Amino acid sequence: MSTETVEQASPQADAPPRAASESTVASRVALLLPFARDDAGRYALAALLSTLGTLCQLGPFYVIYLAISALLDGSAGGDYLFGLAWAALALVVGQYVLMGLAMLISHRAAFGTLYRLRLRIGERLGRVPLGKVMSKRSGEIQRTLSDDVERLELFLAHAIPDVVAAVVVVVASTIWMLVVDWRMALAAVAGLVVAFALMNHGMRASQGKMGGYMAAMGRMNGSIVEMVRGLPIVRMFNRTDATFAETQDAIHGAAKYQADWGKAFLPLYTAFFTLTSATAITIVPVGLLLWANDAIGATELLFFFVIGLGYGGSVVKLQDFAAQLTVLSYGAQLINELKDAGELPEADHDAEFRDASVEFRDVTFGYGGADRDALTGVTFHAAPRTITALVGPSGAGKSTVARLICRFFDAREGAVLVGGTDVKEIPFSQLMRHVSFVFQETFLFDDTVEANLRLARPDATDAELEAACRAARAHEFVTALPDGYRSRIGQHGSRLSGGELQRLAIARTLLKGTEIVVLDEATAFVDPENEVALQAAIDTLVTDRTVIIIAHRLSTIAGADQILVVDDGRITERGRHEDLISADGLYADMWRAFQSTERIALGEAVHKADPTSTMEPT
Ligand SMILES: Nc1ncnc2c1ncn2[C@@H]1O[C@H](COP(=O)(O)OP(=O)(O)OP(=O)(O)O)[C@@H](O)[C@H]1O
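Residues numbered from 1 in each chain as written. Predicted model: local features only at pLDDT ≥ 70, side-chain atom pairs only at ≥ 80, totals over all residues. Heavy atoms only, no water.

> Describe helix α10 (residues 280-292), naming the residues involved and giving the relevant values.
Taking 1.5 Å per residue, 13 residues should reach 18 Å; α10 reaches 17 Å between its end C-alpha atoms and fits that length. Burial in α10 covers these residues: Ile 283, Gly 287 and Leu 290. Projected onto a plane normal to the axis of α10, the buried residues spread over an arc of 65 degrees and lie on a single side. Facing away from the buried side of α10, by more than 90 degrees, are the exposed residues Ile 281, Leu 289 and Ala 292. (Helix = DSSP H or I, 4+ residues; strand = E, 2+ residues; numbered from the N terminus. Expected span 1.5 Å × (residues − 1). Buried < 20%, exposed > 50% of the residue type's maximum accessible area, 1.4 Å probe, protein only. Arc of directions from axis to C-beta.)

> Any chance you could break down the UniProt feature "transmembrane region" (unreviewed entry) in the chain for me, citing the residues and the numbers?
The feature "transmembrane region" (unreviewed entry), as annotated in UniProt, sits at residues 43-68, 80-106, 154-176, 182-200, 266-290 and 296-316 in this numbering. Annotated as 100% helix and 0% strand, the span residues 80-106 places its first and last C-alpha atoms 38 Å apart. (UniProt positions renumbered as here; feature names shortened; annotations may be inferred.)

> Pulling in residues and values, what's your account of the pattern of salt bridges?
A full pass over the atoms with the stated rule returns 21 salt bridges. Asp 350 is the partner of Arg 433 in a salt bridge, and the nearest nitrogen-oxygen pair spans 2.7 Å. With Arg 433 in helix α14 (residues 428-434) and Asp 350 in the loop between α12 (312-339) and β1 (358-365), the pair connects residues that are 83 residues apart, well separated along the chain. Residue classification places Arg 433 among the partly exposed residues on the basis of a relative accessible area of 47%. Residue Asp 350 is classed as partly exposed on the basis of its relative accessible area of 45%. Where Glu 450 meets Arg 454, a salt bridge forms, and the shortest distance between an N and an O atom there is 3.2 Å. Residue Glu 450 and its partner Arg 454 are located together in helix α15 (residues 449-454), separated by 4 residues, close to a single helical turn. Overlapping salt bridges bring together Asp 38, Asp 39, Arg 42 and Arg 116 as one network. (Salt bridge = Lys/Arg side-chain N within 4 Å of Asp/Glu carboxyl O.)

> Tell me about empty space enclosed by the protein, residues and numbers included.
Gaps left between atoms show up when a probe the size of a water molecule is rolled over them. What the rule picks out here adds up to 3 cavities of 30 Å³ or more. Quantified by volume, the second largest cavity comes out at close to 40 Å³. Counting residues per element, the lining of the second largest cavity draws most heavily on strand β4 (residues 413-418), which supplies 3 residues. Here the lining of the second largest cavity is composed, by residue class, of 6 nonpolar, 1 polar and 4 charged. (1 Å grid on protein atoms, 1.4 Å probe; cavity = no way out; pocket = protein on both sides within 12 Å on 5 of 7 lines; lining within 4 Å. Points joined across faces, edges and corners; volume = space filled by probe spheres on them. Nonpolar A, V, L, I, M, F, W, Y, C, P; charged D, E, K, R; others polar.)

> An account of a nonpolar patch on the surface is needed here, citing residue identities and associated values.
Together, Phe 82, Trp 86, Leu 89, Val 93, Tyr 96, Val 97, Leu 101 and Leu 104 make up a nonpolar patch on the protein surface, roughly 880 Å² of accessible area in all. Tracing the backbone through its elements, the reader meets Phe 82 in helix α4 (residues 78-125). With relative accessibility at 55%, the residue Phe 82 sits in the exposed group. (Patch = residues over 30% accessible without salt bridge, like charges linked within 9 Å, V, L, I, M, F, W, Y side chains within 5 Å. Areas by Shrake-Rupley, 256 points an atom, 1.4 Å probe, with all protein chains shown as cover.)

> So what's going on with unusual backbone geometry? Residues and values would help.
We note that Arg 473 has phi near 55 degrees; this positive angle belongs to a residue other than glycine. Along the chain, Arg 473 falls in the loop between α16 (462-471) and α17 (475-480). The phi dihedral of Asp 544 falls on the positive side, at around 65 degrees, and the residue is not glycine. Given a relative accessible area of 61%, Asp 544 falls into the exposed group.

> Mind laying out the confidence of the model for the chain, listing which residues take part and the relevant values?
Put simply, the chain has an average pLDDT of 79, and 82% of its residues get 70 or more. The spread of mean pLDDT over the elements of the chain runs between helix α1 (residues 3-9), the lowest at 32, and β1, the highest at 96. In the model, residues 1-22 has pLDDT below 50 throughout and makes 41 contacts with residues more than four positions away in sequence or in other chains. Considering only residues more than four positions removed or in separate chains, one finds that residues 605-618, a stretch of pLDDT under 50, has 15 contacts. (pLDDT = per-residue confidence, 0-100. Contact = heavy atoms within 4.5 Å.)

> Explain the site of the ligand residue by residue, including any values.
Around the ligand sit Tyr 367, Ala 374, Pro 393, Ser 394, Gly 395, Ala 396, Gly 397, Lys 398, Ser 399, Thr 400 and Arg 403, and those are all the residues in its vicinity. In the model, an oxygen atom of the ligand is placed 2.9 Å from a nitrogen or oxygen of the Gly 397 main chain. Take Arg 403: an N or O atom from its side chain is 3.4 Å from a nitrogen atom of the ligand. In the complex, 66% of the free accessible area of the ligand, which totals 630 Å², lies under the protein chains. Here the residues of the shell around the ligand are counted per class, giving 4 nonpolar, 5 polar and 2 charged. (Near = heavy atom within 4 Å. Polar contact = N/O pair within 3.5 Å; in protein donor to acceptor, adjacent residues only side chain to side chain.)

> Account for the sheet that holds strand β6 (residues 435-438), naming residues and giving values.
Pairing within the open sheet is mixed, and its 6 strands lie in the order β6-β7-β8-β3-β9-β10. Looking at the sheet topology across the chains shown, the edges are occupied by β6 and β10 (570-575). Geometrically, the sheet is characterised by an average inter-axis angle of 15 degrees between neighbouring strands, direction not taken into account. Two strands pair when backbone bridges link them, and strand β7 (residues 516-520) and strand β8 (residues 546-550) are joined in this way by 5 bridges, in the parallel orientation. Looking at the pairing, Val 518 lines up with Ile 548 of β8. Contacting β3 (387-391), β7, β8 and β9 (562-567), helix α13 (residues 398-405) runs over the sheet at an angle of about 145 degrees to β8. Across the sheet, helix α18 (residues 498-512) touches β6 and β7, and the angle it forms with β6 is around 175 degrees. (Pairing = 2+ DSSP bridges. Axes fitted to C-alpha atoms, helices over the stretch in contact; angles between N-to-C directions.)

Laid out in C-alpha cells, this is it:
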C-alpha cells in the first residue's frame, strides 16, 4: 500500500476544496476541459458546426453590406439583389440547421459524459473508505452527484460549442477588419478593450468577496435545513420565534451579501454591456472623420458599420461564460475529489478466518483535519462468543473502535484483527460475511419491509424473514402495518419509530447470521414498551456471537464478559463489572450516574402505567 493511497483514503480528503475564487479563468477552464476528453471528437464536431452556424449568423450582415455597396456604386441589378436575398435566406436556414445539429451532438455527448461520470463516482463510492461516505459531508456527496454533475451539462453541451464559436467569430472578424482598414479595426475593438478591462477589474474585486459569499450562502442553506429538520422539536418547546430568528438572520445575511455585491458590480457590469453592444460609439465618429478626410471609402465605411456593429454579441457570450465559470469550477473540484477519491487497498483473495475473535493491537488512529488522535494505543482481545461492552464519555472514541472493526478506515499504527487476521488482508466482501453492524441511526430504504430485510440475504424464504422478525420482536408491529411485510416504510423508515427501526435492523442482522456483531445500542426510547422489546431483541442478537457493543443500558453492561472504559481515545479501565466497581474509578462513577438515570426512566414507566404509584419520576 503506497503512502499516497493511505493519505487519500484517510478522511483528510474531507477537507473543503480550495476556494474556486483563488483560481484564474484559464485554470478554471483547465479544470473543466478534462471532462470532455473521453468524447473529444463529438465536442469538437459540435464546436465546428456551431462556429459555422455563427458565421452564417454574421452572413446576412455581409449580404446587406454587399447590397448597399452595389446600390451605392450603381451596379445593383434586380437579379443580383434577388440572388443576395436568396443567399441571406440560405444563410439563415444554414444557421438554423448547423446550430441545431451542433446542439444535438453536444447534448448527446454531454449526457453520455454525465452518465459515465455518475457511474464512475458511484463505483468509486462503493470502494472508498465507508467512513468517508458516512462523514459529515455525505450531504455534499449527494449534492455533487446530482447538482454539480448536472451543472456540467452547461459547460459541455452549451459552453463548448458557443464559446468556441464566439472566439472564432471574434478573432476572424477582428482579422478581417484589420485587413480592410486597421484604423477602423482599432476603433471597433477599442470599446471592447475598455469593456474587458472594466470587467477584469470587477471580477478581481468580486473574487475577494467570493469566500464570504459562499460562507453566507452555506450558513443560510444550513440554517434552513436545520430549521426544517428540527421543526417538530422547535414546535414542541415553543421555540419557533427564536429558531426562525436565526434562520431569518442567515437569510438576511445572504441577501445583504448579494445586494452589496450587486451594488459594487452593477456599474461595471452595465458599462461592459453598453460598451460591447454599442461599438457604434467608436466606429461611427472615427469612420465619419476618416471618410470626411477622404482617408476611407464609403464602401469600407459601410463594411465597418455592418460587421463592426454586429460582432459584439459574440463577445457578450464570452462574458456570460466567464461569469458561470466560478460555480462550474467549484463543482468540478468536488466532482474530481469524489471521482478520484482514494480507495482502501483490498486483498484479492479470501483470507484465513480462524475464529470469531476481534483483536486490537496497539491501535492508534486520527481523523484527518483533527488536531489530536481519536484512539491512542488501544489493545484488547474479544474472544469468540463473548460480549465486549465499550463505555465512556461522549467523544471518547467508542464509535471509532467500532468503525475500525468494520474497516471504515484503517488504523494509522497497530493492527485490527478479525478472525485472527489483520482486516487489511481480508477482502471487504469476506469481512462483511463475518461481521455485521447495527448503528443507532438505522438506515432503511424507502421500500417494503421485506425488501429491506432481504438486503441481508436475498434468497431468504418468507418463513425465515418471519422467524428473524419474531426473534427481533419486530413481527408484531410489522404485521400490524397495512400490508404487513409488503408495506412500504417511507423515506428512511419515516413511518416507524426509532425503536422499531432498530428492531428491524436487528432482524436484518439476524437474517444475515454473522458470528461477529458490532452494535451501537440506541440511547433513548421514551416508550417503555419499545424499550422492553428492543432489549429482548438485543438479548437474542448477542446470544452465541462475538459482540462488540457501545453500551448504554445497565443490563447490557453488567452482563458483559468484558467492559472496556474508553476515555480520551485510550482504554483506561477494563474487566468485569464487579472488578471495575471495586476499582472505584471512572467506571464506578459512570455506573452510579447510569443507575440514577435508569431509576428515573423506570419511575416514569411505572408512573405512566399506574399514576397512583408512589415511585415518582425524580
Ligand atoms: N468523521 C470524523 N471526522 C473528524 N473527527 C471525528 C469524526 N468522527 C469522530 N470524530 C472525533 O473523534 C473523537 C472520537 O469520536 P467517537 O465518535 O469515536 O466518540 P464516541 O465515544 O463514540 O462518542 P459518542 O458517545 O458521543 O458517540 C471525537 O473527538 C470526535 O469529535
